[in-house]
Amino acid sequence: MTATPATSATTAPAIAPAALHDPVIAWFDAHARDLPWRRPDTGAWGVMVSEFMLQQTPVARVLPVYEQWLARWPRPADLAAEAPGEAVRAWGRLGYPRRALRLHGAALAITERFGGDVPREHSQLLALPGIGEYTAAAVASFAYGQRHAVLDTNVRRVFARAAAGIQYPPNATTAAERKLARALLPAHEPTAARWAAASMELGALVCTSKNEDCARCPIASQCAWRLAGKPAHQGPARRGQTYAGTDRQVRGKLLAVLREAVAPVPLAVLDAVWEEPVQRARALDGLVADGLVEPMADDLYRLPLT
DNA sequence: CAGGCGTGGCC
DNA sequence: TGGCCAAGCCT
């Protein structure tokens, strides 16, 4: 099954799963990064915090914030006892600050509904704010050693190439990808958990989006995409991200001021971050609507106390 | 379900 | 230089 079209992902895997597991896991044993959330003394809370921070954010930027976060809030109940605005402030410049709010909300729910312990069930994790299909599987697998298909952008890219023979996965996760991921999952629970971490790391370090390093890939000899001559991406253009001049940029500037402030900020100070008044007002309203900013009397604003 | 949502480093 | 990219989630 070389030079396979994208639809081939719906069929049985081209490769015997077992022929993939051993080399990828062996490669992981030799080359896995020593990341703090992978250390044996890391509890489920640490894993969960790392997963929130790593959503759309590179490891290098997460590391220092992660360490400070866990030192300050070593258990979910510690974070739950804080004002949500403190989570937003401690989030710093990681980006997508709604994640901080959702992590705080998740800590609150864990404290109230699960006695302060991160739940083990995928369905219970999925019900927490900020946790979707990927993060629920990741926490269940990495923190609790369970057998779940962990489909992040790295794994999806590895599977697209190795099994489907295409350069990039579809824009949105498809049923075919889930089916393939389940078919490739080792039956043995601890092996499945190891495989999840290993296949993700392979995508992060070797089978990267650009400049993939097939010479260091443990399954290069089996990779459908490489065997097909690495054909260029055919399908619809991949979703890009605009930023300059968008509301997002304005929101970022407004929130940066509020994060640094130790006292409520006058509207006049916020007005200074962006020239255009209509967009500026829309951005501020959006932050308030999202619960990231709390309006007070006398045109004063602050990070949310509740 | 396509689009909104931050930030900074890299080639 | 600037578009692309980085362990997604939510509506």
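Residues numbered from 1 in each chain as written. Chains lettered and ligands numbered in written order. Predicted model: local features only at pLDDT ≥ 70, side-chain atom pairs only at ≥ 80, totals over all residues. Heavy atoms only, no water.

- Per an unreviewed UniProt entry, chain A is named Adenine DNA glycosylase, and its organism is Streptomyces camponoticapitis.
- Its UniProt record gives chain A the following Cofactor (unreviewed entry) comment, quoted word for word: "[4Fe-4S] cluster".
- Listed in UniProt under the heading Sequence similarities (unreviewed entry), the comment for chain A reads: "Belongs to the Nth/MutY family." (UniProt positions renumbered as here; feature names shortened; annotations may be inferred.)

1. A word on the overall build of chain A
Reasoning step 1: Secondary structure summary: chain A contains 15 helices and three strands in total.
Reasoning step 2: What you see for chain A is a C-alpha radius of gyration of 22 Å, in line with the 19 Å of a compact globule of 306 residues.
Reasoning step 3: Seen through its C-alpha atoms, chain A measures out along the principal axes to roughly 70 × 45 × 30 Å.
Reasoning step 4: Counting the 306 residues in chain A, one finds 45% classified as buried.
Reasoning step 5: A sequence separation of at least 24 residues applies to 64% of the contacts in chain A between residues at least 6 apart.
Reasoning step 6: About 15000 Å² of surface is accessible on chain A, with carbon and sulfur atoms providing 54% of the total.
Reasoning step 7: Once the 34 positive and 29 negative side-chain charges of chain A are each reduced to a mean point, those two points are 7 Å apart. (Helix = DSSP H or I, 4+ residues; strand = E, 2+ residues; numbered from the N terminus. Rg over C-alpha atoms; globule rule 2.2 N^0.38 Å. Buried < 20%, exposed > 50% of the residue type's maximum accessible area, 1.4 Å probe, protein only. Contact = heavy atoms within 4.5 Å. Areas by Shrake-Rupley, 256 points an atom, 1.4 Å probe, with all protein chains shown as cover. Lys, Arg positive; Asp, Glu negative; His and termini not counted. Charge placed at Lys NZ, Arg CZ, Asp CG, Glu CD.)

2. Points about empty space enclosed by the protein
Once rolled over the atoms, a probe with the size of a water molecule shows which space is left empty.
Reasoning step 1: Evaluated as defined, the whole model comprises three cavities of 30 Å³ or more.
Reasoning step 2: Its volume calculated, the largest cavity comes out at about 120 Å³.
Reasoning step 3: Mapped onto the lining of the largest cavity, the elements with two or more residues apiece are helix H9 (153-164) and helix H12 (224-227).
Reasoning step 4: Among the elements that line the lining of the largest cavity, the one with the most residues is H9, at three residues.
Reasoning step 5: Across the lining of the largest cavity, the residue classes break down as eleven nonpolar, no polar and four charged.
Reasoning step 6: The computed volume of the second largest cavity comes to approximately 60 Å³.
Reasoning step 7: Looking at the second largest cavity, the residues that line it are His148, Ala149, Val150, Leu151, Val155, Phe159, Ala181, Leu185, Trp195, Ala196 and Ser199.
Reasoning step 8: Taken together, the elements giving at least two residues each to the lining of the second largest cavity come down to H9 and helix H11 (189-205). (1 Å grid on protein atoms, 1.4 Å probe; cavity = no way out; pocket = protein on both sides within 12 Å on 5 of 7 lines; lining within 4 Å. Points joined across faces, edges and corners; volume = space filled by probe spheres on them. Nonpolar A, V, L, I, M, F, W, Y, C, P; charged D, E, K, R; others polar.)

3. Digging into H11
Reasoning step 1: Taking 1.5 Å per residue as the helical rise, H11 with its 17 residues ought to reach 24 Å, and the 25 Å between its terminal C-alpha atoms agrees with that figure.
Reasoning step 2: Among the residues making up H11, those that are buried are Ala192, Ala193, Trp195, Ala196, Ala197, Ala198, Ser199, Met200, Glu201, Leu202 and Gly203.
Reasoning step 3: Those residues of H11 that are buried lie in contact with helix H1 (17-31), helix H8 (133-143), H9 and helix H10 (175-184). (Expected span 1.5 Å × (residues − 1).)

4. Examining the protein's contact with DNA strand C
Reasoning step 1: In the vicinity of DNA strand C, 28 residues are found, and the nearest of them are Trp37, Gly130, Thr135, Asn154 and Arg238.
Reasoning step 2: By atom count, sugar and phosphate contribute 62% of the portion of DNA strand C lying within 4 Å of the protein.
Reasoning step 3: Here a base nitrogen of DNA strand C and a side-chain polar atom of Glu51 are 3.2 Å apart.
Reasoning step 4: Backbone polar atom of Thr153 to a phosphate oxygen of DNA strand C: 3.5 Å apart, as the coordinates give it.
Reasoning step 5: Within the residue set of the surface near DNA strand C, elements represented by two or more residues are helix H2 (44-54), H8, H9 and H11.
Reasoning step 6: Here the surface near DNA strand C is built from residues that sort into ten nonpolar, nine polar and nine charged. (Near = heavy atom within 4 Å. Polar contact = N/O pair within 3.5 Å; in protein donor to acceptor, adjacent residues only side chain to side chain.)

5. Observations concerning the UniProt feature "domain: HhH-GPD" (unreviewed entry) in chain A
Reasoning step 1: Under the present numbering, the feature "domain: HhH-GPD" (unreviewed entry) in UniProt falls on residues 53-205.
Reasoning step 2: For residues 53-205, the helix share is 65%, the strand share is 0%, and the end-to-end C-alpha distance is 19 Å.

6. Some thoughts on the protein's contact with DNA strand B
Reasoning step 1: In the vicinity of DNA strand B, 18 residues are found, and the nearest of them are Arg93, Pro97, Arg98, Arg251 and Gly252.
Reasoning step 2: The contact in question runs from a sugar or linking oxygen of DNA strand B to an N or O atom on the side chain of Arg98, over 2.8 Å.
Reasoning step 3: A distance of 3.2 Å separates a base nitrogen of DNA strand B from a polar atom in the side chain of Arg248.
Reasoning step 4: Among the secondary structure elements, those contributing two or more residues to the surface near DNA strand B are helix H6 (98-113) and helix H13 (247-260).
Reasoning step 5: The dominant element in the surface near DNA strand B, judged by the number of residues it contributes, is H13, at five residues.
Reasoning step 6: Across the surface near DNA strand B, the residue classes break down as four nonpolar, five polar and nine charged.

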